[in-house]
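For reference, the chains in residue letters:
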Amino acid sequence: MKSPRTQRWDLIVGALASLIAICGLSLSIAVGNSTSVGFGNVHRETQNFLAVLAGIFFILIAIKAGLRFRAKRQAVYHWSMERLLNRRRRRD
């Protein structure tokens, strides 16, 4: 059985990468920097598009995390409700 710690690394890495991309692009847009290390000039529209794309990936990661952790809580709650109903039936 996998531990929860090993299952969360993909969410943490994805969220951190998206946040770093959003912060870097926002800072670059705010400062007006359009030069790049290896790609020459990056136009402002391209930077805006990349910032929106990074934001979309961050939202998708948040949805994935919500579904993953909601399913665990929901399954535990469902199991406990079934257990309570079974106990009640046994007593009757």
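These numbers come from a predicted model, not from an experiment. (Residues numbered from 1 in each chain as written. Predicted model: local features only at pLDDT ≥ 70, side-chain atom pairs only at ≥ 80, totals over all residues. Heavy atoms only, no water.)

Enquirer: Got a minute to help me understand the overall build of the protein in this structure?
Expert: Each helix and strand in the protein was counted, giving 2 helices and 0 strands. Looking at the protein as a whole, 14% of its 92 residues qualify as buried. (Helix = DSSP H or I, 4+ residues; strand = E, 2+ residues; numbered from the N terminus. Buried < 20%, exposed > 50% of the residue type's maximum accessible area, 1.4 Å probe, protein only.)

Enquirer: Explanation requested: the pattern of salt bridges in the structure shown.
Expert: Two side chains of opposite charge can pair, provided their charged atoms sit close to one another. All told, the structure shown has 1 salt bridge when counted by the stated rule. For Lys 64, the salt bridge is made with Asp 10, and the minimal N-O distance between the two is 3.0 Å. Of the two residues, Lys 64 sits in helix H2 (residues 44-91) while Asp 10 sits in helix H1 (residues 4-31), which places them 54 residues apart along the sequence. (Salt bridge = Lys/Arg side-chain N within 4 Å of Asp/Glu carboxyl O.)

Enquirer: How do you make sense of a nonpolar patch on the surface when you look at a structure like this?
Expert: A cluster of nonpolar side chains, Phe 49, Leu 50, Val 52, Leu 53, Ile 56, Phe 57, Ile 59, Leu 60, Ile 63 and Leu 67, forms an exposed patch at the surface whose accessible area comes to about 930 Å². Within the element layout of this structure, Leu 50 appears in helix H2. (Patch = residues over 30% accessible without salt bridge, like charges linked within 9 Å, V, L, I, M, F, W, Y side chains within 5 Å. Areas by Shrake-Rupley, 256 points an atom, 1.4 Å probe, with all protein chains shown as cover.)

Enquirer: Teacher, can you tell me more about the side chain of Ser 28 here?
Expert: Tracing the sequence through the fold places Ser 28 in helix H1. On the basis of relative accessible area, Ser 28 is assigned to the buried category, the value being 16%. In contact with Ser 28, other than residues within four places in its own chain, are Asn 33 and Gln 47. (Contact = heavy atoms within 4.5 Å.)

Enquirer: Teacher, can you tell me more about the side chain of Ser 18 here?
Expert: Turning to its location among the elements, Ser 18 is positioned in helix H1. A relative accessible area of 7% means that Ser 18 is categorised as buried. Here Ser 18 is in contact with Ala 54, Phe 57, Phe 58 and Ile 61, once residues within four sequence places are set aside.

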